[in-house]
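Commentary on secondary and tertiary structure
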Amino acid sequence: MDTTAEVLPESALREAVDLLVRLVEAAGALIIFVGAVWAFGRFLLTMVRGAGPDRRFNRIRLTLGRFLALGLEFQLAGDVLRTAVAPSFTEIGQLAAIAAIRTALNFFLSREIAAERAEIERERRKEADGSRAPAEPV
């Protein structure tokens, strides 16, 4: 009796993981695509309406940034999955480089989102304080 029989041959495991990688990467690409289409649609609506584009553009950019950050997370998950089955040193090195680049992109994107959010919040507070100010005597 052979006790070294594999539960799941490595080739079958690689095929299963390859399918999962494609699904996860497709999900990431779809998220980015949906975010870009949504942002473009909102941009067009803002241009057509012609009302206060600065604030609306910031909100559009903020939402697009969130879509991009989420999509990048899915892409990174796909890269991690790709190296889950018996990775070579070359694959590990490639994963490290890809992870570093995507993490840096995500970091700067998150900073941009935080800055946009803070700007929108400052504008809201400024408007709220201005609307509560007592009317000046004539």
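Our subject is the structure listed above.
Read on for an overview of the structure. (Residues numbered from 1 in each chain as written. Predicted model: local features only at pLDDT ≥ 70, side-chain atom pairs only at ≥ 80, totals over all residues. Heavy atoms only, no water.)

Our next topic: the overall build of the chain. Tallying secondary structure elements over the chain gives three helices and zero strands in all. When its helices and strands are written in sequence order, the chain yields α-α-α. Relative to its full complement of 138 residues, the chain shows a buried share of 20%. Restricting the contact set of the chain to residue pairs at least 6 apart, pairs at least 24 apart contribute 80%. For the chain, the accessible area works out to roughly 10000 Å², and carbon and sulfur atoms hold 65% of it. (Helix = DSSP H or I, 4+ residues; strand = E, 2+ residues; numbered from the N terminus. Buried < 20%, exposed > 50% of the residue type's maximum accessible area, 1.4 Å probe, protein only. Contact = heavy atoms within 4.5 Å. Areas by Shrake-Rupley, 256 points an atom, 1.4 Å probe, with all protein chains shown as cover.)

Here the focus is the nonpolar core. Leu62, Ala69, Leu72, Leu109, Ile113 and Ile120 together form the largest nonpolar core, which totals six residues. The set of elements that each furnish at least two residues to this core consists of α2 (53-82) and α3 (89-132). Apart from the residues within four sequence positions on either side, Ile113 is in contact with Leu62, Gly65 and Arg66. (Core = buried A, V, L, I, M, F, W, Y, C linked by side-chain atoms within 4.5 Å.)

Next up on the list: the pattern of salt bridges. Enumeration over the complete set of coordinates arrives at eight salt bridges. Across the pair Arg82 and Glu25 runs a salt bridge whose closest N-O atoms are separated by 2.8 Å. Residue Arg82 is found in helix α2, and its partner Glu25 is found in helix α1 (residues 10-49); the two are separated by 57 residues along the sequence. Among the salt bridges present, the one from Glu116 reaches Arg61, with a minimum N-O distance of 2.5 Å. Of the two residues, Glu116 is situated in helix α3 and Arg61 in helix α2; the sequence distance between them amounts to 55 residues. Residue Arg61 is classed as partly exposed on the basis of its relative accessible area of 42%. Among the ionic contacts, a cluster of salt bridges with common partners joins Glu25, Asp79, Arg82 and Arg102. (Salt bridge = Lys/Arg side-chain N within 4 Å of Asp/Glu carboxyl O.)

In this section: α1. Its 40 residues place the ends of α1 58 Å apart at the C-alpha level, agreeing with the 58 Å of an ideal helix rising 1.5 Å per residue. Here α1 has its buried residues at Val17, Val21, Val24, Gly28, Ile31, Gly35, Ala39 and Thr46. Residue Gly50 follows α1 closely and has a positive phi angle near 65°. (Expected span 1.5 Å × (residues − 1).)

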